[in-house]
Amino acid sequence: MTDKERFKAIFETQVMRAGAEELLEWLESTDFFEAPASTRFHGTYPGGLVAHSLNVYDQLLFDHSALKYGGQTLAVCALLHDVCKANYYQRDSDGWTVRDALPMGHGEKSVYLVMKFMDLTDEEALAIRWHMGAYDDAFRGGSRALNEAQDKCTLVLALHHADMQATQEEKRREGIL
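Let me sum up the structure you'll find in this document. No experiment lies behind these values; they were computed from the predicted model shown.

On to the nonpolar core. With 45 residues, the main nonpolar core has Phe 7, Phe 11, Leu 27, Phe 32, Leu 79 and Leu 80 as its most contacted residues. Only helix 1 (3-14), helix 2 (20-29), helix 3 (48-60), helix 5 (71-80), helix 6 (107-115), helix 7 (122-129), helix 9 (145-152) and helix 10 (154-174) provide two or more residues apiece to this core. Counting residues per element, this core draws most heavily on helix 5, at seven residues. Excluding anything up to four places from it in sequence, Phe 32 contacts Phe 7, Leu 27, Leu 49, Val 50, Ser 53, Leu 79, Asp 82, Val 83 and Ala 86.

Among the structural elements, Ala 66 can be located in helix 4 (residues 64-67). The exposure class of Ala 66 is buried, given its relative accessible area of 0%. Spatially, the C-alpha atoms of Ala 66 and Gly 133 are 16 Å apart, while their sequence positions differ by 67 residues. When sequence neighbours within four positions are dropped, the list of residues in contact with Ala 66 reads Leu 60, Leu 74, Leu 155 and Ala 158.

Quick notes on the rules
Residues numbered from 1 in each chain as written. Predicted model: local features only at pLDDT ≥ 70, side-chain atom pairs only at ≥ 80, totals over all residues. Heavy atoms only, no water. Core = buried A, V, L, I, M, F, W, Y, C linked by side-chain atoms within 4.5 Å. Buried < 20%, exposed > 50% of the residue type's maximum accessible area, 1.4 Å probe, protein only. Helix = DSSP H or I, 4+ residues; strand = E, 2+ residues; numbered from the N terminus. Contact = heavy atoms within 4.5 Å.

Here you go:
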């Protein structure tokens, strides 16, 4: 089974809410399934983004604090946390460059794009918005909202941790570390 097939199988069996089918159709109309996860940090190959999303999903399933949220929420958060990277990268002679047509931030852009198609719970929105943790520009600029979000919702830290775990494993596999 390809990563795209696995992503779709998880999404179609776990995400049962209005707009999910349209969101998946939109993802297929973008480069989401062919895009890299980043330009140089991890998943710097075609399909790296969907592979990373699946790795985050697998990691999130190991976090006992996250399991209370249920399969749908875990699938939504893990599989969609980086939809902001759809149509975000362009391949050139040096590898990949960013071509951000909608520069509104990382986590907040993913929340915005998902909510164009389907609703998110408050917990899902917080987790996706703050999945970058202390690497988020707003936090580095002095925002205290990350701390407040982590205090209110254990899923915020669980998704961040799953994202970082997946990234570190990908870096090791790719020889980047």
